[in-house]
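Here is how the chains run, residue by residue.
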Amino acid sequence: MEQLFTQALGLSPPWAVASVDFRQPEGAIYFAVECLAKRLACPACGAPEQPIHDRIDRRWQHLHFFQFRAYIDARLPRVACTVCGKTGQVEVPWSRPGAGFSLVMEAFVVALCQAMPVAHVARLVGVSDDRIWRVLRHHVDQARAQEDFSDVRRLAVDETSTRRGQRYVTLFHDADARRLLFVTPGRDAKTFAAFADDLRAHGGAPEAISDISMDMSQAFQSGARKQHPQAKITFDPFHVVALASRALDQVRRAEVKHEPDLKGSRWALLKDAERWSRTQIHQMHWLQRSHLKTARAWRLKQALRAIYDSRPAVDEAEHLLLRWISWARRSRLPAFKQLGATCKTHLAGIVEHFRSGLSNGFVEAMNAQIQAAKARAKGYATDRNLIAIAYLLCAKLRHLPRNPWLRPA
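Model, not experiment: these values are computed from the prediction.

Caption draft 1: Up close: the overall build of the chain. In terms of regular secondary structure, the chain is built from 15 helices and 11 strands. Projected onto its principal axes, the C-alpha positions of the chain cover 90 × 50 × 30 Å. Among the 409 residues that make up the chain, the fraction classed as buried is 48%. Summed over all atoms, the accessible surface of the chain reaches about 21100 Å², with 51% contributed by carbon and sulfur. If the 60 positive side-chain charges of the chain are averaged to one point and the 40 negative ones to another, these points end up 6 Å apart.

Caption draft 2: Seen up close, the packing of helix 9 (residues 278–289) against helix 10 (residues 293–310). At a minimum axis distance of 8 Å, the contact between helix 9 and helix 10 shows a crossing angle of 100 degrees. In terms of orientation, helix 9 lies roughly perpendicular with respect to helix 10. Every residue of helix 10 that contacts helix 9 at Met284, Leu287 and Gln288 is listed here: Thr294, Ala295, Trp298 and Arg299. Partitioning the contact of helix 9 with helix 10 into residue classes produces 4 nonpolar, 2 polar and 1 charged.

Caption draft 3: Structural context of the pairing of strand 5 (residues 68–80). As judged from the 6 bridges shared by strand 2 (residues 28–35) and strand 5, these two strands associate in the parallel manner. The residue of strand 5 that forms the bridge with alanine 32 is aspartate 73. Relative to strand 6 (residues 87–89), strand 5 runs antiparallel, the two sharing 3 bridges. Bridge pairing links valine 79 to glycine 88 in strand 6. Two successive antiparallel strands, strand 5 and strand 6, enclose a turn made up of 6 residues, where glycine 85 displays a positive phi of approximately 80 degrees.

Caption draft 4: Here's a closer look at the side chain of glutamine 283. In this structure, glutamine 283 sits in helix 9. Judged by relative accessible area, which is 16%, glutamine 283 ranks as buried. Discounting chain neighbours no more than four positions away, the residues touching glutamine 283 are Asp261, Lys263, Gly264, Ser265 and Ala268.

Caption draft 5: Local environment of the nonpolar core. With 97 residues, the main nonpolar core has Trp324, Phe336 and Tyr391 as its most contacted residues. Every residue in contact with tryptophan 324, bar those within four places of it in the chain, is listed here: Leu300, Ala303, Leu304, Ile307, Phe336, Leu339 and Cys343. Formed by 22 residues, the second largest nonpolar core is a distinct cluster that contains Ala37, Ala70, Leu76 and Val90.

Caption draft 6: Up close: the pattern of salt bridges. Applying the stated criterion to the full structure yields 21 salt bridges. Between aspartate 197 and arginine 200 there is a salt bridge, with the nearest N and O atoms lying 3.1 Å from each other. In this pair, aspartate 197 and arginine 200 are both assigned in helix 5 (residues 190–201), 3 residues apart and thus about one turn of the helix distant. Residue arginine 355 pairs with glutamate 352 through a salt bridge whose shortest N-O separation is 2.2 Å. Of this pair, arginine 355 and glutamate 352 both sit in helix 13 (residues 347–356), separated by 3 residues, roughly a single helical turn.

Caption draft 7: Focus on the sheet that holds strand 11 (residues 232–235). Spatially, 9-8-7-10-11 is the arrangement adopted by the 5 strands of the open sheet, whose pairing is mixed. The sheet terminates laterally at strand 9 (179–185) and strand 11, the two strands that pair on one side only. For this sheet, the mean inter-axis angle between neighbouring strands, taken without regard to orientation, is 25 degrees. Across the face of the sheet, helix 5 comes into contact with strand 7 (154–161), strand 8 (168–174), strand 9 and strand 10 (211–214) while running at roughly 130 degrees to strand 9. Along the sheet, helix 13 contacts strand 7, strand 10 and strand 11; its crossing angle with strand 11, the most-contacted strand, is approximately 100 degrees.

Caption draft 8: Spotlight on the pairing of strand 11. For strand 10 and strand 11, the ladder comprises 4 bridges, and the chain directions are parallel. Bridge pairing in strand 11 places methionine 214 opposite phenylalanine 235.

Caption draft 9: Expanded view of the packing of helix 2 (residues 103–113) against helix 3 (residues 118–125). Running from N to C, helix 2 and helix 3 point in directions that differ by 140 degrees, and their axes come no closer than 9 Å. Taken as axis vectors, helix 2 and helix 3 run oblique relative to one another. Helix 3 is crossed by helix 2, and the crossing has right-handed handedness. Contact residues: Met105, Val109, Leu112 and Cys113 in helix 2; Val118, Val121 and Val125 in helix 3. Residue composition of the contact of helix 2 with helix 3, grouped by class: 7 nonpolar, no polar and no charged.

Calculation criteria
- Residues numbered from 1 in each chain as written.
- Predicted model: local features only at pLDDT ≥ 70, side-chain atom pairs only at ≥ 80, totals over all residues.
- Heavy atoms only, no water.
- Helix = DSSP H or I, 4+ residues; strand = E, 2+ residues; numbered from the N terminus.
- Buried < 20%, exposed > 50% of the residue type's maximum accessible area, 1.4 Å probe, protein only.
- Areas by Shrake-Rupley, 256 points an atom, 1.4 Å probe, with all protein chains shown as cover.
- Lys, Arg positive; Asp, Glu negative; His and termini not counted.
- Charge placed at Lys NZ, Arg CZ, Asp CG, Glu CD.
- Axes fitted to C-alpha atoms, helices over the stretch in contact; angles between N-to-C directions.
- Parallel < 35°, antiparallel > 145°, perpendicular 65-115°, else oblique.
- Contact = heavy atoms within 4.5 Å.
- Nonpolar A, V, L, I, M, F, W, Y, C, P; charged D, E, K, R; others polar.
- Pairing = 2+ DSSP bridges.
- Core = buried A, V, L, I, M, F, W, Y, C linked by side-chain atoms within 4.5 Å.
- Salt bridge = Lys/Arg side-chain N within 4 Å of Asp/Glu carboxyl O.
- Left-handed = near helix turned anticlockwise from the far one by under 90°.

Bear in mind that shape data such as this cannot, by itself, settle questions of function.
Quick look at the structure:
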């Protein structure tokens, strides 16, 4: 039986399972592993055939065997080296130094954290949240350290809240590979400096960035121009249309005070026409036949969206946008007059979308994934935890430990 479990644990000489202690009342199995060698290489300098000084007891939690918790117990040798004079503890093949889990157990924990909140994983494993976070952060950091960003040329930058809109992190994505590259607290120009440092650390070059897609944040524009002066800035269509939707809502909220028929129209105005309910269809047909300011504002928003939907060439797009800006500024709607001025100021970046084809659509999908994980976890105690989850879900890390259920060790 000991030989069977030695093979199941993936051990090789000089390590072997010496005994198995099944404690049914505890619901646990304890595997006593021993090192059969009399002399070992020095863990500090590597000198071979050094004497064993003493042995210390250690325990690691392993994957369950059947429905029972499993633990590996071992008396770890400490080697007294006659060459370097140091006394050091040997490393074991089933765990990393200082860890309380086996490597296979840690791989399973990382796989679980991709699908459920850390608190749930901790309850399943029977340990504290902090232990799970330490495992997760270790493997995420280790996997990120091996990532290569040398081929990154186009970026998509956005922000997401960490605590109900009170604090934010900025996320930098590879717009071509559609993967998360870097996350840092804040949403100011300094976040671009932090990204540039991280890009260099992973073999990338800030001066190689050719295009950046983002919103119209002045802080983002300042950071981008300072760190990537050669890059062309694209203002994300989603954010441009969102500004029009916000202006439309301002018009509706001002007009609904003396036009009670507008009550309940908010979501119909913001939705795409194909998603209207029967009630909303009737409501919008009535609105379009009216002479209300809200109807005019809705047509302006739809016209802006139509420009993006038609996907014109760059020169035609600029012509259409200038016409729209002129219409908005003559609309006698203060919210749209202001939006028209904003679009005029940022026209080059808005038109750039029609050349680069960049947008933050996939970024919004990733942000939704991160926010959904945050909601399931009922928030994260620290930004560091949120950042670890963001990398785990969206960075497409290629060097995470393999799931032991899908690919047995």
